[in-house]
Amino acid sequence: MNLPVLPGVGGRRPRVAMLVYNDAHADSRVLKTAASLRSAGAEVRIFAVARARSGYAEGLDEVGDGIPVHRAPEFELVRYAPWAVDLARRILGRTSPSGAEASAPVSGADLANPSNAPLSPETPAQSPSAAQPTVEIPTLPARPSAKDRLLVAANDVWLRTYRTASLGLYWAVAAREALDWGPDVVHANDGNTLAPAWWIATRSGARVVYDAHELWRHRNVRSDRPIAPGVEAAIETLVIRRAAGVITVSPSIVRWLQDAYDLPEAPSLVRNIPRAEGPIDPARGRLRLLAGLDPSTQVLAYGGRITTSRGIEETLEALALLPDTVHLVLLGYGEPDYLAILHRQISELALHDRVHFVGKVASSEVAEALADADLSVVYVRPVCLSYRFSLPNKLFESIHGGLPIAAADLPDTAALVREHGVGEIFDAQSPQDMADTISTILADPERYRAAARRAATELTWEHEEAELLALYRRILDRSRSS
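Residues numbered from 1 in each chain as written. Predicted model: local features only at pLDDT ≥ 70, side-chain atom pairs only at ≥ 80, totals over all residues. Heavy atoms only, no water.

**A short note on the overall build of the protein chain**
Stated formally: For the purposes of this entry, the term helix denotes a DSSP run of H or I that reaches at least four residues, the term strand denotes a run of E that reaches at least two, and both are numbered from the N terminus. To sort residues, take the accessible area from a 1.4 Å probe on protein chains only and compare it with the maximum for the residue type: under 20% means buried, over 50% means exposed, and anything in between is partly exposed. By the convention used here, residues are in contact when the closest approach between their heavy atoms is within 4.5 Å. All accessible areas in this document rest on Shrake-Rupley with a 1.4 Å probe, and a residue is counted as covered only by the protein chains that are shown.
Across its full length, the protein chain holds 18 helices and 14 strands. Relative to its full complement of 482 residues, the protein chain shows a buried share of 53%. Summarising the internal contacts of the protein chain: among those between residues at least 6 apart in sequence, 69% fall at separations of at least 24. Carbon and sulfur atoms make up 52% of the accessible area of the protein chain, which amounts to about 20,800 Å² in all.

**Points about the pattern of salt bridges**
Heads up, the condition is: Here, a salt bridge means any Lys or Arg side-chain nitrogen found within 4 Å of an Asp or Glu carboxyl oxygen.
In the structure shown here, the tally under the stated rule is 21 salt bridges. The salt bridge involving R222 is made with D224; its shortest N-O contact spans 2.8 Å. Classification of D224 by relative accessible area gives partly exposed; the value is 40%. R288 is the partner of D374 in a salt bridge, and the nearest nitrogen-oxygen pair spans 2.7 Å. Placement of D374 in the loop between α12 (366–370) and β12 (375–378) and of R288 in helix α9 (residues 287–291) is noted, with a sequence separation of 86 residues between them. Salt bridges linked by common partners bring R160, R222 and D224 together as one network.

**Some remarks on the sheet that holds strand β8 (residues 268–269)**
This is how the line gets drawn: Paired strands, as defined in this entry, are two strands with at least two bridges between them according to DSSP.
The 8 strands are arranged β3-β4-β2-β1-β5-β6-β7-β8 in an open sheet whose pairing can be described as mixed. The two strands at the open ends of the sheet, each matched to only one other strand, are β3 (59–63) and β8. As paired strands, strand β7 (residues 245–248) and β8 are joined by 2 bridges and run parallel to one another. When the sheet's bridge partners are listed, I247 is paired in β8 with S268.

**Things to note about the pairing of strand β4 (residues 67–72)**
Within β4, 5 of the 6 residues are buried, leaving the element largely enclosed by the surrounding structure. Taken together, the 4 bridges between strand β2 (residues 43–49) and β4 define a ladder with parallel strand orientation. The residue of β4 that forms the bridge with V49 is A72. With 5 bridges joining them, β3 and β4 adopt antiparallel strand pairing. Within β4, the residue paired with D61 across the bridge is V69.

**Regarding helix α11 (residues 336–348)**
Going by this rule: Expected span of a helix, by definition, is 1.5 Å for each gap between consecutive residues, and there is one gap fewer than residues. An arc is given here, and it is the one of the directions from the helix axis to the C-beta atoms.
Its 13 residues give α11 an end-to-end C-alpha distance of 18 Å, which sits within 8% of 18 Å, the value for a rise of 1.5 Å per residue. Residues of α11 that are buried: Y338, I341, L342, Q345 and I346. For α11, the angular spread of buried residues about the axis comes to 140°, placing them on one side. Looking at the buried side of α11, the elements it contacts are α10 (312–319) and β11 (355–357). Once α11 ends, the next one or two residues include A350, with phi positive near 55°.

**Quick notes on the confidence of the model for the protein chain**
Atomic detail in the predicted coordinates should be set aside for any region of low pLDDT. Test applied: Summary of the metric used: pLDDT quantifies the predictor's per-residue confidence within the range 0 to 100.
Of all residues in the protein chain, 86% have pLDDT values of 70 or greater, and the mean over the chain is 88. This model gives residues 96–137 a pLDDT under 50, and the stretch forms 105 contacts once residues within four places in sequence are excluded.

**A word on the packing of aromatic side chains**
When we look at a pair of aromatic rings, we describe it by the centre distance and by the angle of the planes. Keep this limit in mind: Centres within 6.5 Å are what make two rings of Phe, Tyr or Trp a pair, Trp counting through its six-membered ring; a difference in plane orientation under 30 degrees is then read as stacked, over 60 as edge-to-face, and the rest as tilted. Here, a charge over a ring means that NZ of Lys or CZ of Arg falls within 6 Å of the ring centre while also lying within 35 degrees of the ring normal.
Summed over the entire model, instances satisfying the criterion amount to 5 aromatic pairs. Over the aromatic face of W181 sits the side chain of R15, whose NZ or CZ is 5.7 Å from the ring centroid. Sitting above the plane of the Y333 ring, K360 keeps its charged end 5.1 Å from the centroid.

**Here's the deal with the nonpolar core**
How we decide: In this description, a nonpolar core means a group of buried Ala, Val, Leu, Ile, Met, Phe, Trp, Tyr and Cys residues linked to one another through side-chain atoms lying within 4.5 Å.
If you look at the biggest cluster of nonpolar residues, it comprises 36 residues, and the most contacted ones within it are L19, F47, Y170, I200, Y210, I240 and L257. For this core, the elements supplying multiple residues, two or more each, are β1 (15–19), β2, α5 (146–181), β5 (185–189), α6 (194–204), β6 (207–212), α7 (228–240) and α8 (251–261). Looking at this core element by element, the count peaks at 6 residues for α5. In this view, Y170 contacts L19, V20, Y21, F47, A48, V49, A72, A175 and T193; residues no more than four positions away in its chain are not counted. Core analysis: the second largest hydrophobic core is formed by 34 residues, L300, A318, L328 and V377 among them.

Here it is as structure tokens:
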């Protein structure tokens, strides 16, 4: 596809600063967007946050196909307030303040569970852009002592403070670095980058593009946040009505944003779909090899993060209703606490030999890895409005892998599956209906496979980027004429 060339600014290539609150190395949507803008003539730089323990240090680096990224430092108490680390360790009795541990780097995760109390097994699902420590509030014993209650309360205060400080540090550093770079457009990925984007715009005259990867104000986060929802609503309300353009990921979120904010123009729909790769031969699939399964086994595939509210528990219940020849293979990663919950359920359902955890692969390899499965289950539990309106990445990855789809009856997912004839829809509240739907598809999979192969030629990032670049062309044309 020949990409349109974006208009220049002052005789040079337009500069786009992309803000994202993660390390940016594996955010497929951000990387595809950056590559498309660069291919259309823009100079692109991503402003992300460091995750040094994962190998992504602060400062300049490259991601994807040579896209420059500047990572702001991550918040570490020992770096910005070492006296607080020493005080906390004295109070909690973790070590002598003169010991070696007192001078070691400390992150939010180190101090989040200072009493070594058991951690809550369920981690609220977060946006890929919401970089936060993967720690939870300690659970209380049946009869907590005053000390237990104090430690839990202190831990909660610490976590809230840590997360606020982490985000604030990113805002301050990324905004200053992006402003110094001199962008013409600031591309804010998700609601947690809108404040620095608007700060940059008011000081530089840059235009803001808001890329809502989900319905930010109705995402799956803890409900006991007395202040944050009001702040988030105020920021989104301020910026979205003044943004030069708004992008989002599903038709329902397009309608919600336009109605909620009375936008004169509907947000641009740019779904998070893989790039076109041509037909994938099922023989190149890797699930059977990774799980040690032979061709006679019927394989249900799950691809993505292994976490709560992704329909895995319900899929296990449905699997128990299916013949023993049907197995479930999970491609992805999960936190140990949540995996322990799944293993208990697997034991209770006597599914030890029929459920296989095979680890993760690079995001660009998911569709191919899934290709030798017999069916993909696509289910996000609608625990929040953002989940109800979602179009999961695994839906498109499964279609690109040529798989039939058994999908939960969520509006945007169901509409796409029916439009392209790639599978069947089941009642999200009924494991029996899920099992019956899976059986129907497995009885005659080839027509769904053929439909998936056809759909994969239409559902590509190359088609989505046309809408992205059309929006950018309008914004830059208006900037040039103003």
